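Structural characterization, general
Read off the chains here:
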2 protein chains.
Amino acid sequence: MNASTSDMHALDIATELTENGDGSYQGRTTPAYANMVGPFGGTTASIMMQAALIHPERLGDPIALTVNYAGAVADGEFTVTPRAVRTNRSTQHWYIEISQGGAITTTATAVFATRADTWSSTEIDFPEAPPAANVQRSTMTDRAPWTQNYDMRFVRGGFPADLSDEGEPDSITTLWIRDDPPRPLDFVSLTSISDAFFPRIFTRRRVPVPAGTVSITTYFHTDADRLAQIGTAPLLGTARALRFNNRYFDQTAEVWSDQQELLASSHQIVYFKE
Amino acid sequence: MNASTSDMHALDIATELTENGDGSYQGRTTPAYANMVGPFGGTTASIMMQAALIHPERLGDPIALTVNYAGAVADGEFTVTPRAVRTNRSTQHWYIEISQGGAITTTATAVFATRADTWSSTEIDFPEAPPAANVQRSTMTDRAPWTQNYDMRFVRGGFPADLSDEGEPDSITTLWIRDDPPRPLDFVSLTSISDAFFPRIFTRRRVPVPAGTVSITTYFHTDADRLAQIGTAPLLGTARALRFNNRYFDQTAEVWSDQQELLASSHQIVYFKE
């Protein structure tokens, strides 16, 4: 923490890392991004991203990040240890661990790369959605404090206000989302937003069963300059499950700019009970 | 290598690992699974899977595997070092490296878990495809020797026989695929098959540009017993790109049983030139 903390965005406080002098960094959980149990996994993923981004050996921009939630993160201090496993001419591979009290709670691999102009094309369609300004902002409950740091406007598949056992025909959610208060987009915030979908089992079954992400992989489709240009504009996210089976389901998601530009595609496997 | 090598399936030879006595294993590339440059990445992923599967500490079945191709694997010997980073009551997290001559060529994380009966559902549709027996088997070229270990029957988006610059409107490929000669399905073979799609840029643009997977993540939706029941039946695979931009594109793929059961969903980010 430093003297300017009060001026910092909550996400910058949550992802602030200080050097330990041995190649590792020290961080600490913040109440602002608490989830129902422990910290919001999207914030943990952003901390992994931040550890590579601020590292003096870092090359280029991230193109892939995988985060594995190996054990619960307790409230308080944690150590992040990034290691540049291999650096090539235009790509760099990272292995990163978060530990508390000597026990590894989270692992990650990241790939960074320098980009260059090439033939480009987006094959999938921008989801059907009215402009963000025409969609009502959701009122978040305090059951998941992290949600209060986002402006979320559900176009489809919102968090069920009245949980029942009726269920929905599919698990698709589409929403406009941005940091609140607004914060210029970067890879730290985009990483969190890529994990900002409620567990698909909630949407599909409307039953509040225990559920938690076990592993998430996000691919990034643009560079830091482009994210900076997008600034504080709302992003459109869409997510769905492919298969629920015997304790695990997968979720596939896309995050778009309001200019219909695919910024990230993100996939995760999630534990659920019952 | 052992005396029974001549009776072993080529995939079992390619993924055979011998203990070095220090927690690492020794493996070797085989010409049967060579790609245009170096070994087929699907085989490398299967070797990562095998290193965790045969480890005495292994718990349950794999639910997620991420493999990062950090550097070229040269023909010959390599060392595989799996480490159980954290073992919980019903989940286990692995970090695995392949190295040659002290340089890390490949990294992986894997999540294993014990499963239990729960509510289950598949949300996406089985691709439109005639039965495998009604689709002609493709004749593989010797440019990618690994393809000769598979029976591939393209329903849509086959490898373009006549590469031109006309291009296709999308990058979707759907095919029936199984090991050839037939080999009972297990997590080793399913891991390879999840990476057995040609680079989407070939399908979309019909231009033979340099391309290679940088990172792949596969989620597994069933257990070892169910894979064994499927045995040597053909699998249906389908793959497409979401966005190509500035040197990288992503691919999303699904692998189904012929009983329309989603076995794996797999995602990768791929380098391409031009």
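Residues numbered from 1 in each chain as written. Chains lettered and ligands numbered in written order. Predicted model: local features only at pLDDT ≥ 70, side-chain atom pairs only at ≥ 80, totals over all residues. Heavy atoms only, no water.

Between two aromatic rings, the relevant description is the distance of the centres plus the angle of the planes. Residues and elements named next belong to chain A. Within this structure, the stated rule accounts for 23 aromatic pairs over all chains. With 5.4 Å between their ring centres and 90° between their planes, Phe-126 and Trp-256 make a pair best called edge-to-face. Highlighted residues: Phe-126 in the loop between β7 (121-122) and β8 (150-156) and Trp-256 in strand β12 (residues 248-256), separated in sequence by 130 residues. For Phe-126, a relative accessible area of 18% corresponds to the buried category. (Phe/Tyr/Trp six-rings, centres within 6.5 Å; stacked < 30°, edge-to-face > 60°. Helix = DSSP H or I, 4+ residues; strand = E, 2+ residues; numbered from the N terminus. Buried < 20%, exposed > 50% of the residue type's maximum accessible area, 1.4 Å probe, protein only.)

The operation relating chain B to chain A is a screw motion whose rotation component is 180°, with 0.0 Å of axial translation and a residual RMSD of 0.0 Å. Accordingly, the operation relating the two chain copies is best matched by a two-fold axis. Mapped onto chain A, 100% of the interface residues of chain B are again interface residues, and the two copies thus contact each other with one and the same surface. (Least-squares fit on C-alpha atoms with pLDDT ≥ 70 in both. Contact = heavy atoms within 4.5 Å.)

Residues and elements named next belong to chain A. Scanning the model with the defined rule gives 32 salt bridges over all chains in all. With its nearest N and O atoms 2.8 Å apart, the salt bridge here joins Asp-170 to Arg-156. Pair noted here: Asp-170 is in the loop between β8 and β9 (173-179) and Arg-156 is in strand β8, with a separation of 14 residues, a long-range link. We classify Arg-156 as partly exposed; its relative accessible area is 40%. (Salt bridge = Lys/Arg side-chain N within 4 Å of Asp/Glu carboxyl O.)

A few words on the confidence of the model for chain A. Per-residue pLDDT for chain A has a mean of 94; in total, 96% of the residues score no lower than 70. For this predicted complex, the interface score ipTM comes out at 0.96, alongside a pTM of 0.97. (pLDDT = per-residue confidence, 0-100.)

Let us look at helix α2 (residues 41-53) of chain B. One turn of the α-helix equals 3.6 residues, which is why residues spaced by three or four share an orientation. Spanning 13 residues, α2(B) covers 18 Å between terminal C-alpha atoms, matching the ideal 18 Å at 1.5 Å per step. Along α2(B), 13 of the 13 residues are buried, which leaves the element largely enclosed by surrounding structure. (Expected span 1.5 Å × (residues − 1).)

Residues and elements named next belong to chain B. Within the secondary structure, Leu-263 is located in strand β13 (residues 262-272). On a C-alpha basis, the gap between Leu-263 and Leu-190 in space is 8.4 Å, while along the polypeptide they are 73 residues apart. Ignoring any residue separated from it by four or fewer positions in sequence, one finds Leu-263 in contact with Leu-185, Leu-190, Tyr-219, Phe-220, His-221, Thr-222, Leu-227, Ile-230, Leu-235, Val-255, Trp-256 and Ser-257.

To continue, consider the environment of A:Ala233. Residues and elements named next belong to chain A. Position of Ala-233 among the secondary structure elements: in the loop between α5 (224-230) and β11 (235-245). Note: C-alpha distance between Ala-233 and Ser-215 (18 residues apart in sequence) is 28 Å. Other than its neighbours up to four places away in sequence, Ala-233 contacts Arg-178 and Asp-258.

Take the interface of chain B and chain A next. Taken together, the contact between chain B and chain A spans 67 residues of the former and 67 residues of the latter. With both sides pooled, the region where chain B packs onto chain A buries about 5,900 Å², and carbon together with sulfur makes up 52% of that total. Here chain B and chain A share 8 salt bridges between them. The salt bridge partner of B:Glu123 is A:Arg240, with a shortest N-O separation of 3.0 Å. One can count 53 residue pairs in polar contact (both at pLDDT 80 or more) joining chain B with chain A. When residues in the side of chain B that touches chain A are grouped by element, the largest group, 7 residues, is from strand β6 (residues 103-113) of chain B. When grouped by side-chain class, the residues that make up the side of chain B that touches chain A number 25 nonpolar, 26 polar and 16 charged. (Buried area = accessible area lost by both parts, 1.4 Å probe. Polar contact = N/O pair within 3.5 Å; in protein donor to acceptor, adjacent residues only side chain to side chain. Nonpolar A, V, L, I, M, F, W, Y, C, P; charged D, E, K, R; others polar.)

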